[in-house]
Amino acid sequence: MQYLQKIRVLCFLTFLSLFLGIAQDKNSGPIIADYGQVWKIAHQDYTLDTTKTFKAVFDIMTSPDDLNQVNPSIETAARFLNMHGQNGIPLEQLKVALVVHNKASKDVITSKAYQKKYGTENPNEALLKALMAANAEIIFCGQSSVSRGFPKEDLIDGVQLSLSAMTALIQLQDDNYRLIKF
């Protein structure tokens with residue numbers, strides 16, 4: 001009987017420790033202060049190489065239907081920067097590019113152009129400016145620019161217009177950027 005009680009207490013303590021580990025807070029920063037919250041992962045088995053330079057290209061082609069919602073695919077780049085920054089990788093070792101096209105095309109235009117077209121400010125503008133301030137490249141598909149009616153003069157300052165998303169993705173991968181698509 002005492003043995004069963006010890007097992008129950010042990011199970012309860014195990015459950016409690018798991019619950020407390022899951023109930024931790026997500027945090028943004030240190031690279032992108034207002035976006036890209038991530039969980040702290042204690043006791044990692046797969047060791048992070050803090051001497052490595054991480055080069056990631058994000059293929060951004062979807063966008064929420066809600067015109068006032070930040071695009072979570074764009075925020076993934078902020079999460080990438082913050083999680084590595086929180087774990088000892090300096091910004092100089094983090095190379096990030098976002099290739100934007102298709103339905104996400106609207107997300108790279110200024111709030112003035114967005115307001116004119118949709119009647120509200122672009123919820124992604126501050127995030128994109130924060131990413132560019134952290135040296136991320138924002139590359140917009142020229143084919144989407146023309147086909148979706150978002151000319152270069154409507155783009156947020158610093159957004160680069162390319163021939164196509166396909167071309168930019170190939171060139172970046174040829175430069176050893178790893179494709180991240182989700």
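Shown above is the structure to which this text applies.
The sections below set out a description of the structure shown in this document. (Residues numbered from 1 in each chain as written. Predicted model: local features only at pLDDT ≥ 70, side-chain atom pairs only at ≥ 80, totals over all residues. Heavy atoms only, no water.)

**Some thoughts on the overall build of the protein**
Here is step 1: Helix and strand counts for the protein come out as six helices and five strands.
Here is step 2: If you list the helices and strands of the protein from N to C, you get α-β-α-β-α-α-β-α-β-α-β.
Here is step 3: Taking the contacts inside the protein whose residues are at least 6 apart along the sequence as the reference set, 69% of them involve residues at least 24 apart.
Here is step 4: Accessible surface computed for the protein: about 11100 Å², of which carbon and sulfur atoms make up 56%. (Helix = DSSP H or I, 4+ residues; strand = E, 2+ residues; numbered from the N terminus. Contact = heavy atoms within 4.5 Å. Areas by Shrake-Rupley, 256 points an atom, 1.4 Å probe, with all protein chains shown as cover.)

**Digging into the sheet that holds strand β2 (residues 94-100)**
Here is step 1: Overall, parallel pairing links the five strands, which are arranged β4-β3-β2-β1-β5 in an open sheet. Of all the strands in the sheet, just β4 (160-162) and β5 (178-180) have a single pairing partner and so form its edges. The mean inter-strand angle of the sheet, taken between neighbouring strand axes irrespective of direction, is 30 degrees.
Here is step 2: Note that strand β3 (residues 137-141) and β4 share three bridges and pair parallel. Bridge pairing links C141 to S162 in β4. (Pairing = 2+ DSSP bridges. Axes fitted to C-alpha atoms, helices over the stretch in contact; angles between N-to-C directions.)

**Describing the environment of D59**
Here is step 1: Among the secondary structure elements, D59 is positioned in strand β1 (residues 54-60).
Here is step 2: D59 sits 121 residues away from I180 along the chain, and the two C-alpha atoms are 6.5 Å apart.
Here is step 3: In terms of polar contacts, D59 uses its side chain to reach the side chain of K181, at 3.2 Å. (Polar contact = N/O pair within 3.5 Å; in protein donor to acceptor, adjacent residues only side chain to side chain.)

**Let's talk about unusual backbone geometry**
Here is step 1: Here the amide bond leading from G29 into P30 is cis, since omega sits at 10 degrees, within 30 degrees of zero.
Here is step 2: You can see P30 is positioned in the loop between α1 (2-22) and β1.
Here is step 3: A positive phi angle, close to 60 degrees, is found at H43, a residue other than glycine.
Here is step 4: Along the chain, H43 turns up in the loop between α1 and β1.
Here is step 5: In this model, N176 sits at a positive phi of 70 degrees, which is unusual for a non-glycine residue.

**Let's talk about the nonpolar core**
Here is step 1: Residues F58, F80, L98, L131 and I138 are the most contacted members of the largest nonpolar core, which totals 34 residues.
Here is step 2: The set of elements that each furnish at least two residues to this core consists of β1, α2 (72-86), β2, α3 (111-118), α4 (125-133) and β3.
Here is step 3: If you tally residues by element for this core, the top one is α2, at five residues.
Here is step 4: If sequence neighbours within four positions are ignored, L131 has contacts with I32, I74, A77, A78, L81, L98, A136 and I138. (Core = buried A, V, L, I, M, F, W, Y, C linked by side-chain atoms within 4.5 Å. Buried < 20%, exposed > 50% of the residue type's maximum accessible area, 1.4 Å probe, protein only.)

Keep in mind that these numbers describe shape and distance, not what the molecule does.
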